[in-house]
Amino acid sequence: MVMGKAYNTAKQSPLLFEDKSDGRPLFMILVILAFLASLTLLATKTSYFAAAHWSAQLSDTATVQIKPGEGGLSQQTAAQARGILLQSETVTDVDILSQEQSKALLRPWLGDTSLPDDLPLPLLLSVRLKKGQSLDQQKITAQFRQAGIRADIDDHGRWAKSLTRSARMAQTISLLSLVLIIITLVAAAIFATRSGIAARRKFMSILHQIGANPNYTARLFSQNFALKSFKAGAIGALGAYLVLSLLAVLARDDGGASLFLPSLKTGLTDLYWVASVPVGMAIIAALTAWRTVMKTLIAEIYP
Amino acid sequence: MNKPSQHTHSIHFDGVGLRYGRGEEILKDINMSLLAGSLNFITGPSGAGKTSLLKLVYLHMRPSRGLITIFGQDTSQLAARAIPKTKRRMGVVLQDFQLVDHLSVFENVALPLRIRGLKRQTYGEDVISLLQWVGLGKRLYAFPPTLSGGEKQRVAIARAVIGKPDILIADEPTGNVDDAIGKRLMRLFFELNRLGTTVLIATHNHDLIPKNADIYKLDNGTFALETDGHG
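The notes below deal with the structure included here. Residue numbers here run from 1 along each chain, matching the order of that chain's written sequence. Starting at A for chains and at 1 for ligands, labels are handed out in the order in which the entities are written. Local features are withheld for residues below a pLDDT of 70 in this predicted model, meaning they are given only at 70 or higher, and side-chain atom pairs are given and counted only at 80 or more; totals for whole chains, interfaces and linings count all residues. Just so you know, side-chain values use all the structure's heavy atoms and leave hydrogens and water out.

### Quick notes on the overall build of chain B
Helix and strand assignments follow DSSP, with helices taken as H or I runs no shorter than four residues and strands as E runs no shorter than two, numbered in order from the N terminus. When its secondary structure is counted, chain B shows six helices and 10 strands. Across its three principal axes, chain B shows a C-alpha extent of roughly 45 × 40 × 35 Å. For chain B, buried positions account for 55% of its 231 residues. The Shrake-Rupley method, run with a 1.4 Å probe, gives the accessible areas here. Residue values count only the displayed protein chains as cover. Element-wise, carbon and sulfur atoms account for 48% of the exposed surface of chain B, whose accessible area totals about 10,200 Å². Considering chain B, the positive charge centre built from 29 side chains and the negative charge centre built from 22 side chains are found 7 Å apart. When a residue's accessible area, from a 1.4 Å probe over protein chains only, is under 20% of the maximum for its type it is buried; when over 50% it is exposed; and in between it is partly exposed. All tallies of charge rest on Lys and Arg as positive and Asp and Glu as negative; His and the ends of each chain are not included. Here the site of a charge means NZ on Lys, CZ on Arg, CG on Asp, or CD on Glu.

### Quick notes on the interface of chain A and chain B
Contact criterion: two residues are considered in contact whenever any of their non-hydrogen atoms come within 4.5 Å of each other. Contact with chain A, which involves 30 residues of that partner, is made by 38 residues of chain B. Interface of chain A and chain B: buried area, both sides summed, is about 3,300 Å²; carbon and sulfur atoms make up 58% of it. Any Lys or Arg side-chain nitrogen located within 4 Å of an Asp or Glu carboxyl oxygen qualifies as a salt bridge. Our count for the chain A to chain B interface comes out at zero salt bridges. Here a polar contact is recorded for every N or O atom pair within 3.5 Å, except that within protein the pair must consist of a potential hydrogen donor and a potential acceptor, and residues adjacent in sequence are included only if both atoms are side-chain atoms. Linking chain A to chain B there are three residue pairs in polar contact (both at pLDDT 80 or more). Elements that contribute at least two residues to the side of chain A that touches chain B include exactly α1 (2-9), α7 (201-209) and α8 (214-253) of chain A. Three categories are distinguished: nonpolar for Ala, Val, Leu, Ile, Met, Phe, Trp, Tyr, Cys and Pro, charged for Asp, Glu, Lys and Arg, and polar for the others, with Gly belonging to the last. Taken together, the residues of the side of chain A that touches chain B break down into 19 nonpolar, eight polar and three charged. Two parts placed together each lose some accessible area under a 1.4 Å probe, and the buried area is that loss summed for both.

### Thoughts on the pattern of salt bridges
The tally for this structure, following the rule as stated, stands at 10 salt bridges over all chains. R128 of chain A is paired through a salt bridge with D93 of chain A; the nearest N and O atoms lie 2.9 Å apart. On the criterion of sequence distance, the pair formed by R128 of chain A in strand β3 (residues 123-129) and D93 of chain A in strand β2 (residues 91-96) is long-range, its members being 35 residues apart. Of the residues examined, R128 of chain A reaches a relative accessible area of 34% and is grouped as partly exposed. Among the ionic pairs, E151 of chain B bridges to R139 of chain B, the shortest N-O distance being 3.3 Å. Remark: R139 of chain B occurs in the loop between α4 (120-133) and α5 (149-162) and E151 of chain B occurs in helix α5; sequence separation between them is 12 residues. Given a relative accessible area of 16%, E151 of chain B falls into the buried group. Judged by relative accessible area, R139 of chain B falls into the partly exposed class, the value being 27%. Within this structure, R82, D93, D95 and R128 of chain A form a network of salt bridges that share partners.

### Looking at helix α3 (residues 105-114) of chain B
Of all 10 residues that make up α3 of chain B, 10 are buried, and the element is covered over most of its length. The complete set of buried residues in α3 of chain B reads V105, F106, E107, N108, V109, A110, L111, P112, L113 and R114 of chain B.

### A look at the sheet that holds strand β4 (residues 151-154) of chain A
Residue and element names in this part refer to chain A. DSSP calls a pair of strands paired once it identifies at least 2 bridges connecting them. Pairing within the open sheet is antiparallel, and its four strands lie in the order β2-β3-β1-β4. Every other strand in the sheet has two partners, leaving β2 and β4 as the edge strands with one partner each. Taken pair by pair, the neighbouring strands of this sheet meet at an average axis angle of 20 degrees, ignoring direction. As judged from the five bridges shared by β2 and β3, these two strands associate in the antiparallel manner. Note that in β3 the partner of I96 across the bridge is L125. In this analysis, axes come from line fits to C-alpha atoms, helices being fitted only over the stretch in contact, and the angle between any two N-to-C directions falls in the range 0 to 180 degrees.

### Section: the nonpolar core
Residue and element names in this part refer to chain B. V109, V127 and L131 are the most contacted members of the largest nonpolar core, which totals 42 residues. Those elements giving two or more residues to this core turn out to be β3 (39-43), α3, α4, α5, β7 (167-171), α6 (179-194) and β8 (198-202). Ranked by residues supplied to this core, first place goes to α5 with seven residues. In these notes, a set of buried Ala, Val, Leu, Ile, Met, Phe, Trp, Tyr and Cys residues joined through side-chain atoms within 4.5 Å is what counts as a nonpolar core. One finds L27, M32, L59 and L200 within the second-largest nonpolar core, a separate group that totals 33 residues.

What follows is the structure, encoded as structure tokens:
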């Protein structure tokens, strides 16, 4: 039979229909929430890593500033100071900054104006410490005094304390925002799933009437809503990733990252982070759909 | 279809009563035994409780009292997971047809087979033959909202019988079709009955009832065998 053969090879229609009029606004809400969740997730992640990086950098280093004496500063004084520092058990390395490097540090405040060569700049020594260790400032200062070296030691403690406090505040705020957005996203995914099921209540009853197993019906709805939520989540997450990537490009064009703001760079790792948003949404929708369908069917199976 | 023995009961009601909420009983002390493979009609005026009685048979609701046995199983003891299996042994035609609007006529009729996991290649031609038999051979691709009442009814009937059920339950199955189609549909039911299906039809149209059928009369919630087709 020709007609029969045509029907046999035709693709089966999906059992669940797409309720576009009701579904579209909810889909858009899910996309927007996924976008916001992805942005907040990346911001939280960046602020966490940046704060950790700053703290590590500040806590494992110290700066020694040797003041010019009557006879000026000599490389010999610097080498003598370096030797004293290297004797300390907590110090791993000491770099003597050249005059050019010292002048470069002043550039953000003084601009590109060339500084006179006879300007008495202090000599800077960058000291690297063992992880988690600090410099015994009293002992080093005494040793410097004994050697006739006038120096200030800065272990960045004041900076580190203030920076850590600010970073923790930023972390808390972004984490709180992330939690709130995730709660809203979960609630929206649950609501979208439930309202979708309510719109298909008659179909569910028909399946039940003709003897479909509850697991069959639940799987049908679960897969459908999981896929829909995944799509919404993927659009939102990809949108967030693209927006951040674009901002990163613009920031680069604008002269690079600021000294204290976290870098806006996006990479493959960020893509993995945002991928968790659609996956999470799909899991939530699948579980909600499964639970709602089973609950409805169990109540209906033989009331 | 399982070929049932003529001496077993497909459906047995013992002192069954039904009330909705706290209202009066709409079915009172129903005692009924339908032999496997028998042809049965329930008649009675509108509002007599015919549809409610059928709902008890196709496990849509529980009785307020009494015992219902289907295929030899006490329905009050049926495990939840056994109910879909029992329902798959029944074909049901309801007054509101219960068609799926977004599926074509073909797909509506094939639905009971599809949920059993059968492939379209195994049932496609059976579905088309059946639809041609009920006069819908040219409406395979049509969707329910575009069908007339009579066409919808025929789709519902085709869906109820496609799985070759052990029990066929129909609530006013010819209510929306003309006499010629009505008689043709009844012939389909009789043919299924001849092959062993227990048929239970609620109707107010006595002209459709053959002489060999058992006729039960339901009036004001009480139930009685009016004509024994085999007596």
